[in-house]
Amino acid sequence: MKTSKKTLRTSMGMIGAIGTVTTAAMLLAGAAHAQSGPIKVGLMLPATGTYANLGTMIENGFKLYVAEQGGKLGGREIQYFKVDDESEPAKATDNVNKLIKRDQVDVLIGTVHSGVALAMAKAAKESHTLLIIPNAGADAITGPLCAKNIFRSSFSNWQPGYAMGKVAAQKGHKKAITLTWNYAAGTESTKGFQEGFESSGGKVVQALTLPFPNVEFQALLTQIASQKPDVVYSFFAGGGAVKFVKDYAAAGLNKTIPLVGPGFLTDGTLEAQGASAQGMLTTLHYADNLNTPRDNAFRLAFAKSYKQNADVYAVQGYDAAQMLSAGLKAAGGDIKNQDKVVAGIEAAQIDSPRGKFKLSAGHNPIQDQYLREVKGNLNEVRGVAIKTLADPGKGCKM
Ligand code: BEZ
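None of these values were measured; they are calculated from a predicted model. (Residues numbered from 1 in each chain as written. Predicted model: local features only at pLDDT ≥ 70, side-chain atom pairs only at ≥ 80, totals over all residues. Heavy atoms only, no water.)

K.L.:
Please clarify how the site of the ligand should be interpreted in this entry.
P.N.:
Neighbouring the ligand are 16 residues, the closest being Val 112, Ser 114, Gly 137, Tyr 183 and Ala 185. Between an oxygen atom of the ligand and a main-chain N or O atom of Val 112, the distance comes to 3.3 Å. Separating an oxygen atom of the ligand from a side-chain N or O atom of Ser 114 is a distance of 2.6 Å. When the free accessible area of the ligand is taken as 260 Å², the share hidden by the protein chains comes to 100%. Domain assignment of the residues forming the shell around the ligand places at least three in each of domain 1 (39–155 + 291–363) and domain 2 (158–284). (Near = heavy atom within 4 Å. Polar contact = N/O pair within 3.5 Å; in protein donor to acceptor, adjacent residues only side chain to side chain. Areas by Shrake-Rupley, 256 points an atom, 1.4 Å probe, with all protein chains shown as cover. Domains from an automatic or database assignment.)

Okay, structure coming up:
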């Protein structure tokens, strides 16, 4: 049979039309799937190194909240993608891009280390990926680097440091030495302490540092012993905090010069620190015996699921999931509708085990700072050092 040019054109047109319809149908199906398939959650946390345990507690807390919601947030299943960031800032950009570019996650949850989180925040800002930080306190992230799509469920480094500065001055201490790792968390925490302490009449006479994650404290402890301050304020966490608190006591310093700090110094570490931590005072947005119905229920559920006690890191992971849930609910489960997700998180009051909180304009929790004292294996609450403390968020413009 001979085909005329006109018949051929008509057939080609029909094929083109069918192709267009098919492509449109596929796109619609894809969009529908994007709104009904699983939400891709990228967990970037340390699984190795001095902060490994903190990463595990955050992940467990996050997953506990998801499990309590029947495995779904905002009506959507959750699919996890994981990267071990090793608390290594030099690898942070490559690591976060594995989640953003390779796995194409919808939301990033991470991390513990401030230096790594700063790189994550930059990548999240550039790619417009939603980021919820479940620990790292780098002040700049909710300050000059703040962004609509970046939230924190934890604290700014300034918050517990400032609160402890006020407490130390109220206790009558006049002369302090600070000692910490030389990176954002340490230097910002000790600056917060200095601000609180000096605004109430104290003086920080020396600021000692060592590189992260170094734990050779001996020479620095010798310096403290010879200078005899009234009090020492230190930021360390995880394995480094265990070693530091033990070394401080082994040097006999805890008998004459009280060691204080942000609660990270004794949170999740007490079994390993044993007698060396007894009686230590710290400030933090969580304590082990708040004894509220909300916290008791959370601690029971956590202990049942993971056969260990919850700590501040578990709470921050749990609340990161609550924040994501609030955003997804506001957007009817459509994570691609970022304006609605963001507005939902901004408006939410998070029913945290630590106590209810809302977010500041820079997206950092406004929260009570508890004064805690170590008794046995617990950080027992002794009162509220500062109520509803908001990070100043200096330089944040959205
Ligand atoms: C930080 O790097 O921001 C950090 C790490 C551990 C505990 C608290 C803060």
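K.L.:
What is the right way to look at unusual backbone geometry in this model?
P.N.:
In this structure, Thr 111 follows Gly 110 across a cis peptide bond, with omega equal to 0°. Along the chain, the position of Thr 111 falls in the loop between β4 (107–109) and α4 (114–127). Phi is positive for His 128, close to 60°, though the residue is something other than glycine. Relative to the helices and strands, His 128 resides in the loop between α4 and β5 (130–133). Looking at His 128, the relative accessible area reads 56%, which means it is exposed. A positive phi angle is found at Asn 291, which is not glycine, with a value near 60°. When you line up the elements, Asn 291 lands in the loop between β11 (281–284) and α10 (293–306). (Helix = DSSP H or I, 4+ residues; strand = E, 2+ residues; numbered from the N terminus. Buried < 20%, exposed > 50% of the residue type's maximum accessible area, 1.4 Å probe, protein only.)

K.L.:
Please clarify how the pattern of salt bridges should be interpreted in this entry.
P.N.:
Note on pairing: side chains with opposite charge can pair once their charged atoms come close. By the definition in use, this model includes 17 salt bridges. For Lys 148, the salt bridge identified is with Glu 346, shortest N-O distance 2.9 Å. Pair noted here: Lys 148 is in the loop between β5 and β6 (150–152) and Glu 346 is in helix α12 (residues 338–347), with a separation of 198 residues, a long-range link. What makes Glu 346 partly exposed here is its relative accessible area of 27%. (Salt bridge = Lys/Arg side-chain N within 4 Å of Asp/Glu carboxyl O.)

K.L.:
Quick question: what am I supposed to make of helix α3 (residues 92–102) here?
P.N.:
It helps to recall that an α-helix has 3.6 residues per turn; residues three or four apart then point in one direction. Within α3, burial applies to Ala 92, Asn 95, Val 96, Leu 99 and Ile 100. Projection of α3 onto a plane perpendicular to its axis shows the buried side chains occupying an angular sector of 130°, all on one side. Facing away from the buried side of α3 by more than 90 degrees, the exposed set consists of Asp 94, Lys 101 and Arg 102. Structurally, α3 contributes buried residues whose contacts are with β1 (39–45), β3 (76–84), β4 and α4. Once α3 ends, the next one or two residues include Gln 104, with phi positive near 50°. (Arc of directions from axis to C-beta. Contact = heavy atoms within 4.5 Å.)

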